[in-house]
Amino acid sequence: MRARLDQVIALLKGDQGADRIVPPSGFTVRLTLFTSAAMAFLTIFALALSLAAGRLGTSWGDELARASTIRISAPPEQMQEQVASVLRLLEQTPGVENARALSADEQRELLEPWFGPALPVEQLPVPQLIDVSETSDGYDADSLRLRLQAEAPGAVLDEHTRWRRPLVAAASRLRLLGWVSILLIGAATGAMVTLAAHAALAANAQVIAVLRLVGATDGYIAQAFVRRFTLRTLSGALAGTLAGMAALLLMPSAGDVEGLLTGLRFEGWQWLLPLVVPPLAALVAYIATSAAARRVLGGLA
């Protein structure tokens, strides 16, 4: 642990003489900065997508798991009687927290996306819907169906299970896709930094040969390249992270609407998570550059 700490201090402190070994400009510098910034920017969005999908899946699961609907289809002269019978039955059912019949305006709002706002619900044979909220213990659905069949033959219980399971499964897979994307972005960052480090080391082969002649060790030379590429990656990732966070701040707030795109942002303490991205990018660069330096210096021996 002490040795690792000393390495980190040496990496941050640097060596003025060793820093001259690595060219301060060139295409490898631009490549490292651009790659780290772009990958950090994409990581922020992948992280936000994963967290938003998780929140949405939890919201859908909790809301639909405790909600169900009873649909009553009956002749107009029997509708009120069956609705009253079903409401009395639900009041006596253990596990039912609340039950109410939807008004004509509420049913019109449900049908408005398909039929428009001027739908005459009162004049159409539209089934009456009863919204049922259950307690945390829930109710016996099979028993309730049997009692509904006896009290109101036109009543059908819908537990929303067929709606809930696909939605929750889709949200879970989208969250997994976000984390997989972050891993792929990290791998791509490591590959690009390795490529840039290889190019920089190969381009300075003659300088490295001269340094060896005057007594410089491979560890000393490698440390100079590792430090430069690690700090370049850190600065580029920091810029990309700040740009990603600024872009998320411009996204619309979810408000009262639970949607994936409107909720594509961090909430509360989650705004601290992007701060981990630059150090992780620097760690990836450190590992990639160290491996590249060992291979190239070993090949130049």
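In this report, we go over the structure that sits alongside the text. (Residues numbered from 1 in each chain as written. Predicted model: local features only at pLDDT ≥ 70, side-chain atom pairs only at ≥ 80, totals over all residues. Heavy atoms only, no water.)

**Details of the overall build of the chain**
Stage number 1. Within the chain one finds 10 helices and four strands.
Stage number 2. Counted from the first residue to the last, the chain has its helices and strands arranged as α-α-α-β-α-β-α-β-α-β-α-α-α-α.
Stage number 3. By the burial criterion, 39% of the 301 residues in the chain qualify as buried.
Stage number 4. Within the chain, contacts between residues at least 6 apart in sequence are counted, and of these 82% link residues at least 24 apart.
Stage number 5. For the chain, the accessible surface area stands at approximately 17,300 Å², while carbon and sulfur atoms represent 63% of it. (Helix = DSSP H or I, 4+ residues; strand = E, 2+ residues; numbered from the N terminus. Buried < 20%, exposed > 50% of the residue type's maximum accessible area, 1.4 Å probe, protein only. Contact = heavy atoms within 4.5 Å. Areas by Shrake-Rupley, 256 points an atom, 1.4 Å probe, with all protein chains shown as cover.)

**A short note on the packing of helix 4 (residues 76–91) against helix 6 (residues 141–151)**
Stage number 1. One way to put it is that helix 4 packs onto helix 6 with a least axis distance of 10 Å and a crossing angle of 150 degrees. Considering how the two elements wind past one another, helix 4 and helix 6 form a crossing that is right-handed. Where helix 4 approaches helix 6, its residues V86, L89 and L90 are matched on the opposing element by L144, R147, L148 and E151. (Axes fitted to C-alpha atoms, helices over the stretch in contact; angles between N-to-C directions. Left-handed = near helix turned anticlockwise from the far one by under 90°.)

**Regarding the packing of helix 8 (residues 205–213) against helix 9 (residues 218–249)**
Stage number 1. Put simply, helix 8 and helix 9 touch, their axes get as near as 10 Å, and they point 140 degrees apart. In terms of orientation, helix 8 and helix 9 fall into the oblique class. The chirality of how helix 8 crosses helix 9 is right-handed. Residues I208, L211 and R212 of helix 8 form the contact with helix 9, whose participating residues are D218, I221 and F225.
Stage number 2. Here the residues of the contact of helix 8 with helix 9 are counted per class, giving four nonpolar, no polar and two charged. (Parallel < 35°, antiparallel > 145°, perpendicular 65-115°, else oblique. Nonpolar A, V, L, I, M, F, W, Y, C, P; charged D, E, K, R; others polar.)

**Thoughts on the sheet that holds strand 2 (residues 96–101)**
Stage number 1. Strand order across the open sheet formed by four strands is 2-3-1-4, with antiparallel pairing between neighbours. Since the sheet does not close on itself, it has two edges, and those belong to strand 2 and strand 4 (155–158), each with one partner. Sheet twist, expressed as the mean angle between neighbouring strand axes with direction ignored, is 20 degrees.
Stage number 2. Sheet topology places strand 2 next to strand 3 (residues 128–134); five bridges connect them, and they run antiparallel. (Pairing = 2+ DSSP bridges.)

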